[in-house]
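# Secondary and tertiary structure notes
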Amino acid sequence: MDAVVTVASAERPDLKIRVTEVIPHVLFAGRTNLIFVEVRTDVGITGIGEASLEGKTEAVVGAINDIAEYLIGQDPTRIEHHWQTMYRHSFWRGGVIIGSAISGIEQALWDVLGKALGAPVHELLGGRVRDRVRLYANGPRGTTPEEVAESCLRLVEAGWEALKLAPFEAVPGVAGPCELAQARHRMQLIRDAVGSDVDVLIDCHGRLSPTAAVQMAEALEEFDIFFFEEPVLPEDPRAMAEVAAAISIPIATGERLFTKWGFRDVLALGAADVLQPDLAHCGGILEARKIAAAAEVSFVGMAPHNPYSWLLTMASIQLDLATPNFLIQEFLVDHPAEVEQLFATPFVWLPGGWVEPPMAPGLGVELDWDAVRALEQRPYTRTYQPSLWHVDGSVADW
Amino acid sequence: MATSRKIIRVRTVAVGAGWRNYIFVLVDTDDGLTGLGEASLGAQTNAVLGAVKDLEPLLLGADPSRIEHLWQQAYRHAFWHGGPTFLSALAGVEVALWDIQGQALGVPIHRLFGGPVRDRIRAYANGPRGDTPEEMAQSAADLVTQGFTALKMAPWEAMPILASKGKIESGVAKVRAVREAVGAEVDLMVDAHGRLSPPVAVRAAIALAPFGITFLEEPCLPGNAAALVRIARKSPVPIAVGERHYTRWAFTELLDSRTIGVLQPDIIQGGGIAEARRIAALAEMHFVSVAPHNPWSWVNTMASLHLDAVLPNFLMQEVITDLEPWKDATVSHRPVIDAEGFFALPSAPGLGISLDIEAAKRFPPVEGRPPALWHDDGAVADW
């Protein structure tokens, strides 16, 4: 840290720092391969960011390498300018692959800047607007309704007050009496297990048709659902808006929308009450901050998507602290120990699933680089995606 | 059709061509067939090559004739749908699968899509080129001599958010010079390349109208359909758009607006031949014509010709005419236009073109950033 502070206080850092290397790290562990981006500079500061993307590891690594060449020799503190160059000069803009590459790099640039200035990233985004951050557990697991309810209860016993689960699998375009009864049964068991004070979030994962989404929302109305995430696929925001117009459960969406432009129609159409940009895909921290500002205009809240490692969790918390319309932060509870061991800096937990603001410079994440290298050196695992199928063998959306 | 054919290998070949690389996908089967597709995406070489690799676990061992089923799995089971990088990789694979299927059945791909609805396919040249009106005019005259009856040019570079008449005129002058050089009969199209703001685009369209412009392409950036619709309502020139709209879902709002004249899906970035066919069917519902985008190699040109053959609402086919040495050298043969500016229907089984891998090695991939435009103050401008 000493060297860092010297740089910041000696002279304008933007005139002094240059990017020397941009290195993607693929870690073979956990639910999906993790992709970290390391941005090295000539003053000894290293920034890190996360660009993990299920099923598309090689593509994201390739995209990072495509961009790396541009960044080397550049001043890492011109974050917005580099974003413009990375996004706009590609001509073939956007999409989740280049979006993830840019996002990981962008987080790393904020990390560099924060370390250079000796400030946590939230202080560079206008400063804290809250004293602590509420997290929800992406965590209940299980195959049978009873297992899921039991898993919910365990999380509540561990102190969580907000849980998210994905109760639907392959649902036909119109839900029949069996599907509706099953959904009600599952939710009844969960409510019975956790009681009425816990917030229960439902992730539909885009698996429902607009018709089935309305049917399901009506069937589950009485169980006091906190929000209904991606009730339909995000490709046509007007379909989402039709669902929003028909149901009373608030709608959340956004993990599969990228950049401010991707969110525009959702806001204009009133298709969602909560936006969930993922800071590893949407374009990064500053892009998410812009999306949040647009959401604020429409009285829409923010719940950043994050089923990834604690690196992205910390980047997200930096944004959450500086964002007035922040609602709740996603947190994956069941990383394997080998992933948790990558992180030398634990969260400071408060009761009920809240965390204290991180005050270390940059993103506030220190990696155990020996552990990183150990996972990197594992044999390459290239898994295709988990998948769902309809009963006749046709593809269902996962 | 029941088949025991299996995919045993997926190969990629990147060919260097100036600042960018052309990416080819080869899919090999256990009975010795090889399908060819193109997955080029400007300078995003490593990303696309990676995306093809990511598809390997799905493809290896699969029956190559279940093209739609594999597409569904690749697109929908991916969860992270679409985007140009992924779709380019998927399209390269998809076209290779159609190539295999056509070869296996002994018919050109267009026969698998309902058969040709026309006898020949009108081409338009992505060209003329030139920094001055005089250079543009000369280049246009050369293209007409080659047989082209339709030409598309991109006359503007970096433009401010509001531009004076003089700035707009810098591009209009090139269009005027080309019109004077080629006469009244040739179709002229203008590609704004998304470089204009909506108000500048409206003024530019009005300034172009006297020169008889067949369509104005991408007057503003994609990403905001409402902005494009506002331009289209005011433009005296029909609006064309689509190379940066990926999959059919991206087109629905534009089509519903009933203001767009021409859709330009690209087989590569649009996700393949079948997806482009579906986009064209949506366009047909709205009385909109289709002019497939194609600034790529002869491989995607051939794929586009199969598509064009079967589309009732086809308008004309883009082809890039710059005679870079790699283009002819890397393929078995090039599709050519006749004296009236038409391509013949493809007639060989499958895609009807193959890659000369040994020749391709003479043009190794380049490391490079895409060409860039900058505003006067050093800020990024859209290329």
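Model, not experiment: these values are computed from the prediction.

## Let's talk about the interface of chain B and chain A
Listed as interface residues are 40 residues of chain B and, on the opposing side, 39 residues of chain A. The element contributing the most residues to the side of chain B that touches chain A is helix α1 (residues 45-59) of chain B, with 10 residues. The residue inventory of the side of chain B that touches chain A, partitioned by class, reads 17 nonpolar, 16 polar and seven charged.

## A closer look at the packing of α1(B) against helix α3 (residues 84-105) of chain B
All names here are of chain B. At a minimum axis separation of 8 Å, α1 and α3 run at an interaxial angle of 55°. With respect to each other, α1 and α3 are oriented oblique. Handedness of the α1/α3 crossing: right-handed. Facing Ala-47, Val-48, Ala-51, Val-52, Leu-55 and Leu-59 of α1, the residues of α3 in contact are Thr-85, Phe-86, Ser-88, Ala-89, Leu-90, Gly-92 and Val-93. Classifying every residue of the contact of α1 with α3 by side-chain character gives 10 nonpolar, three polar and no charged.

## Describing the confidence of the model for chain B
Averaged over chain B, the pLDDT score is 94; the fraction of residues at 70 or greater is 99%. Scored as a complex, the prediction yields pTM 0.86 and ipTM 0.76.

## Brief notes about the nonpolar core
In this structure, A:Ile105 and A:Leu163 are the most contacted members of the largest nonpolar core, which totals 250 residues. Broken down by element, this core gets its largest block of residues, 13 residues, from helix α4 (residues 96-117) of chain A.

## Re unusual backbone geometry
Following B:Gly127, the chain continues to B:Pro128 via a peptide bond in cis, the omega torsion being -10°. Topologically, B:Pro128 is positioned in the loop between β4 (120-126) and α4 (133-146). Despite not being glycine, A:Phe91 has its phi angle at roughly 60°, a positive value. Within the secondary structure, A:Phe91 sits in the loop between α3 (79-88) and α4. Judged by local crowding, A:Phe91 falls into the partly exposed class, with 19 C-beta atoms found within 10 Å.

So, how was this worked out
Residues numbered from 1 in each chain as written. Chains lettered and ligands numbered in written order. Predicted model: local features only at pLDDT ≥ 70, side-chain atom pairs only at ≥ 80, totals over all residues. Contact = placed C-beta atoms within 7 Å. Helix = DSSP H or I, 4+ residues; strand = E, 2+ residues; numbered from the N terminus. Nonpolar A, V, L, I, M, F, W, Y, C, P; charged D, E, K, R; others polar. Axes fitted to C-alpha atoms, helices over the stretch in contact; angles between N-to-C directions. Parallel < 35°, antiparallel > 145°, perpendicular 65-115°, else oblique. Left-handed = near helix turned anticlockwise from the far one by under 90°. pLDDT = per-residue confidence, 0-100. Core = buried A, V, L, I, M, F, W, Y, C linked by C-beta atoms within 7 Å. Buried ≥ 20, exposed ≤ 12 C-beta atoms within 10 Å, placed from the backbone.

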